[in-house]
Amino acid sequence: ANGIQSALTNAVANGQNDTINIVAGTYSLSAALAFDSSEAHSLALIGGWNAGCTINIGDDTIVDGQHLVPLLDLTNSNGSITVANLTFVAGRTEAALEAVVQVVSNTGPIFIDRNTFLGNRSVNGNGALTAYADAGGVHVRGNLVIGNRGALLGNVAVGHGGGESYVTGNTILNNTTDTAGQAG
């Protein structure tokens, strides 16, 4: 996990678009993977790569919060964000209105593609994912969202200020909320 965070930290202000290919395996976290940049460049996190990152073999790339910490907190004020082929498990957050996986962009689109969100818990927010793009839209497609629990919403929250957004081709099952009258 330290290597992933180092790559994210280096990408914050390096003056270029960044694609971080992550080798398949399990990454146990002691803190959320974080990125906060105001550069006008894109960020992509792509899991499922072989040891040399030459071929995407499609094997699981598991980001494990061990029921202790949030998993991912990405903010790219002036660029797009892509998160693909990752499995987010056992994340937990107690911060107000926070999701276990949060992705925010002010100007670029957000793409959340072919990920798994499994058994995550937000005590005061959304259980699996919150994705917000002020412009550019949010595209959530081909994900599996199962067994997550949140105070406000158990599964996926998508918001945008402009652009086109859609949630399509996802499997969303058995998520729960602590808020009476709300769907999981």
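No experiment lies behind these values; they were computed from the predicted model shown.

**Student:** Could you give me a rundown of the sheet that holds strand 7 (residues 81-84), with the residues and numbers involved?
**Tutor:** Taken together, the six strands give an open sheet; going across it, the order is 1-4-7-11-15-19, and neighbouring strands pair in parallel fashion. Strands at the two margins of the open sheet, each flanked by one partner only, are strand 1 (18-23) and strand 19 (166-168). Averaged over all pairs of adjacent strands, the angle between their axes in this sheet comes to 10°, without regard to strand direction. Across three bridges, strand 15 (residues 138-141) lies against strand 19 in parallel orientation. Bridging across to strand 19, histidine 139 finds its partner in tyrosine 166. Contacting strand 1 and strand 4 (43-49), helix 1 (residues 2-11) runs over the sheet at an angle of about 175° to strand 1.

**Student:** Account for the pattern of salt bridges, with residues named and values stated.
**Tutor:** Evaluation of the coordinates by the stated rule reveals four salt bridges. Here arginine 141 makes a salt bridge to aspartate 113, at a shortest N to O gap of 2.6 Å. Here aspartate 113 lies in strand 11 (residues 110-113) and arginine 141 lies in strand 15, a separation of 28 residues in the sequence. The class of aspartate 113 is buried, set by a relative accessible area of 7%. Between arginine 149 and aspartate 178 there is a salt bridge; the shortest N-O distance is 2.7 Å. Of this pair, arginine 149 sits in strand 17 (residues 149-150) while aspartate 178 sits in the segment after strand 21 (176-177), and the two are 29 residues apart along the sequence. Three or more residues joined by partner-sharing salt bridges are found here, namely Arg121, Arg149 and Asp178.

**Student:** Which residues make up the packing of aromatic side chains, and what values go with them?
**Tutor:** This structure, assessed with the given rule, holds one aromatic pair. Look at phenylalanine 88 and phenylalanine 117: their rings are 5.2 Å apart centre to centre, the planes differ by 20°, and that puts the pair in the stacked class. Of this pair, phenylalanine 88 sits in strand 8 (residues 87-89) while phenylalanine 117 sits in strand 12 (residues 116-118); the two residues are 29 residues apart in sequence, bridging distant segments of the chain.

**Student:** For helix 1, give the residues involved together with the corresponding values.
**Tutor:** Ile4, Leu8 and Ala11 are the residues of helix 1 that are buried. For helix 1, the buried positions fall inside an angular range of 65° around the axis, keeping them on one side. In helix 1, the exposed positions angled more than 90 degrees off the buried face are occupied by Asn2, Gly3 and Asn10. Along its buried surface, helix 1 packs onto strand 1, strand 2 (25-28), strand 3 (33-37), strand 4 and strand 6 (72-76).

**Student:** I'd love a proper account of the side chain of glutamine 102, names of residues and values included.
**Tutor:** Assignment of secondary structure puts glutamine 102 in strand 10 (residues 101-105). Residue class for glutamine 102 comes out buried when judged on its relative accessible area of 17%.

**Student:** Quick one: what's the story with the sheet that holds strand 5 (residues 61-64), residue by residue and with numbers?
**Tutor:** The six strands lie next to each other as 2-5-8-12-16-20, forming an open sheet whose pairing is parallel. The open sheet has two free edges, formed respectively by strand 2 and strand 20 (171-173), since each of these has just one partner strand. The mean angle between the axes of side-by-side strands here comes to 10°, regardless of whether they run parallel or antiparallel. With three bridges connecting them, strand 8 and strand 12 associate as parallel partners. What sits directly across from phenylalanine 88, in strand 12, is phenylalanine 117.

**Student:** So what's going on with a nonpolar patch on the surface? Which residues, and what values?
**Tutor:** Together, Val158, Val167 and Ile172 give the surface a local cluster of nonpolar side chains, amounting to about 210 Å² of exposed area. With respect to the helices and strands, the residue isoleucine 172 is situated in strand 20. According to the relative accessible area criterion, isoleucine 172 is partly exposed, its value standing at 37%.

The rules behind each value
- Residues numbered from 1 in each chain as written.
- Predicted model: local features only at pLDDT ≥ 70, side-chain atom pairs only at ≥ 80, totals over all residues.
- Heavy atoms only, no water.
- Pairing = 2+ DSSP bridges.
- Helix = DSSP H or I, 4+ residues; strand = E, 2+ residues; numbered from the N terminus.
- Axes fitted to C-alpha atoms, helices over the stretch in contact; angles between N-to-C directions.
- Contact = heavy atoms within 4.5 Å.
- Salt bridge = Lys/Arg side-chain N within 4 Å of Asp/Glu carboxyl O.
- Buried < 20%, exposed > 50% of the residue type's maximum accessible area, 1.4 Å probe, protein only.
- Phe/Tyr/Trp six-rings, centres within 6.5 Å; stacked < 30°, edge-to-face > 60°.
- Arc of directions from axis to C-beta.
- Patch = residues over 30% accessible without salt bridge, like charges linked within 9 Å, V, L, I, M, F, W, Y side chains within 5 Å.
- Areas by Shrake-Rupley, 256 points an atom, 1.4 Å probe, with all protein chains shown as cover.

Distances and angles like these do not, on their own, reveal function.
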